[in-house]
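Coordinate inspection notes
Residue-level listing of the chains:
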Amino acid sequence: MLGYVMVFCAALLGVAVILNMLRLFMGPDVPDRILALDTLYINALALIILLGIQQQSTLYFEAALLIAVLGFISTVAFSKHLLHGDIID
Amino acid sequence: MMPFWLELLISFLLIVGSVFALIGAVGLYRLPDFFMRLHGPTKATTLGVGGIILAAMIFFTYHRQEFSGHELLITFFLFITAPVSAHMMARAAMQLKVRLSARTQGRPWEE
Amino acid sequence: MSINWPKPFPVFLLTLMWLLLNNTLSLGHILLGLILSTVICILCRNFLVDLPPLKKPFGLCVFVIRVFFDVVLANLHVARLVLGPEKNLHPGFIEVPMCIKDEFLLATLACVVSLTPGTVSAGLSADHTKLLIHALDASQPETLISDIKVRYEAPLMEIFRCSAT
């Protein structure tokens, strides 16, 4: 049963990723695109954890943690760039 | 072989998590202005990933026959960072004066 | 020359993180984690923010559990608003007056506000007296403000001993 459920969940997350991509291309302003990129990072993280469960391997958690950290840092860096024009005060 | 109730619990958590992640993405896609779009991802995705990570924790605790806790770190990290990045994006958007929906009450601050 | 030793709480937190990261409870990792986190705390002591004294540890647990339930309820509420028709949305900016002075508690409150029912904190005035929030459903601003003050601000001020202004 778990196998079917995981395929179903991967499909749902795939639709979510497609919606994020549409917003990334459409987004009328720059903050919209940053928000779409941030959501894309988080959804990719969820997909990687799902892959880890399917392959029964804990190796994927380090990758997921790194993606979480990089996503946060890049979002903050983009926002600071928009706010002040430079990243490090 | 995994007992049936455990499989049911993991499936439930996985489905709840991915449905919430999808709702966050739908909110990002169809809400009319930037500040409303900010609500979808910051809330729905934290709970979505939280559900999936909880399922992974239960699965690996059973699979390795010992408590597996390092998935919790990702959840903690997301719960701490999601409000911070939302706040930063909101400030950037206020400074750029993005278009607001006509029905918005109140005004953002001038920075 | 005397080393000024770091406070025990950050060291404990960092050690716990190290153990979670390595997913073990062996003695060697506990010792290594303790040594690493002590060194990190000594190196970073100029950047660490002082926590206000904790008065009610039990109250903190109740507060965390309540915030967790509110996050789940908030998600259901936001899901209904997102999937429902567009005319149900009443977005708006609201200014909430703040009684808390402590920086750490203000940051905590802003995070909690961002995580819970249909609100995102969007700005803090320079003199730390007003928090600007954006609400997805701002049809009754007074209830929203009193909700935040009663549910989150008052318990935080009770749990941590800090002076009200």
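Every value quoted in this text rests on a predicted model; they were computed, and no experiment measured them.

1. Here we look at the packing of helix α1 (residues 8–22) of chain C against helix α2 (residues 27–43) of chain C
Residue and element names in this part refer to chain C. The N-to-C vectors of α1 and α2 enclose an angle of 135°; their axes lie 8 Å apart at closest approach. On the basis of the axis angle, α1 is oblique to α2. As α1 packs across α2, the resulting crossing turns out to be right-handed. Residues P10, V11, L14, T15, W18, L19 and N22 of α1 form the contact with α2, whose participating residues are H29, I30, L32, G33, L34, L36, S37, T38, I40 and C41. Taken together, the residues of the contact of α1 with α2 break down into 11 nonpolar, 6 polar and no charged.

2. Overview of the interface of chain B and chain A
Taken together, the contact between chain B and chain A spans 47 residues of the former and 48 residues of the latter. Around 4400 Å² of area is buried between chain B and chain A when both sides are counted, 81% of it from carbon and sulfur atoms. Where chain B touches chain A, the interface holds 1 salt bridge. For R37 of chain B, the salt bridge is made with D32 of chain A, and the minimal N-O distance between the two is 2.2 Å. There are 5 residue pairs in polar contact (both at pLDDT 80 or more) connecting chain B and chain A.

3. Details of helix α3 (residues 60–84) of chain A
Taking 1.5 Å of rise per residue, 25 residues should cover 36 Å, and α3 of chain A covers 36 Å from first to last C-alpha, within 8% of that figure. For α3 of chain A, the set of buried residues is F61, A64, A68, G71, F72, S74, T75, V76, S79, K80 and L83 of chain A. Against the buried residues of α3 of chain A lie α2 (30–55) of chain A together with α3 (39–64) and α4 (71–96) of chain B. Positioned one or two residues after α3 of chain A, G85 of chain A has a phi angle of 85°, which is positive.

4. Thoughts on the nonpolar core
Among the nonpolar cores identified, the biggest contains 29 residues, and I49 of chain A together with L14 and I74 of chain B are the most heavily contacted of them. Counting residues per element, the ones that place at least two in this core are α1 (2–26), α2 and α3 of chain A together with α1 (4–30), α3 and α4 of chain B. No other element matches α3 of chain B, which puts 7 residues into this core. Here I74 of chain B is in contact with L45, I49, F61, A64 and L65 of chain A together with I53 of chain B, once residues within four sequence places are set aside. Listed in part, the 25 residues of the second largest apolar core include F79 of chain B together with L106, A135 and Y152 of chain C.

Calculation rules
- Residues numbered from 1 in each chain as written.
- Chains lettered and ligands numbered in written order.
- Predicted model: local features only at pLDDT ≥ 70, side-chain atom pairs only at ≥ 80, totals over all residues.
- Heavy atoms only, no water.
- Axes fitted to C-alpha atoms, helices over the stretch in contact; angles between N-to-C directions.
- Helix = DSSP H or I, 4+ residues; strand = E, 2+ residues; numbered from the N terminus.
- Parallel < 35°, antiparallel > 145°, perpendicular 65-115°, else oblique.
- Left-handed = near helix turned anticlockwise from the far one by under 90°.
- Contact = heavy atoms within 4.5 Å.
- Nonpolar A, V, L, I, M, F, W, Y, C, P; charged D, E, K, R; others polar.
- Buried area = accessible area lost by both parts, 1.4 Å probe.
- Salt bridge = Lys/Arg side-chain N within 4 Å of Asp/Glu carboxyl O.
- Polar contact = N/O pair within 3.5 Å; in protein donor to acceptor, adjacent residues only side chain to side chain.
- Expected span 1.5 Å × (residues − 1).
- Buried < 20%, exposed > 50% of the residue type's maximum accessible area, 1.4 Å probe, protein only.
- Core = buried A, V, L, I, M, F, W, Y, C linked by side-chain atoms within 4.5 Å.

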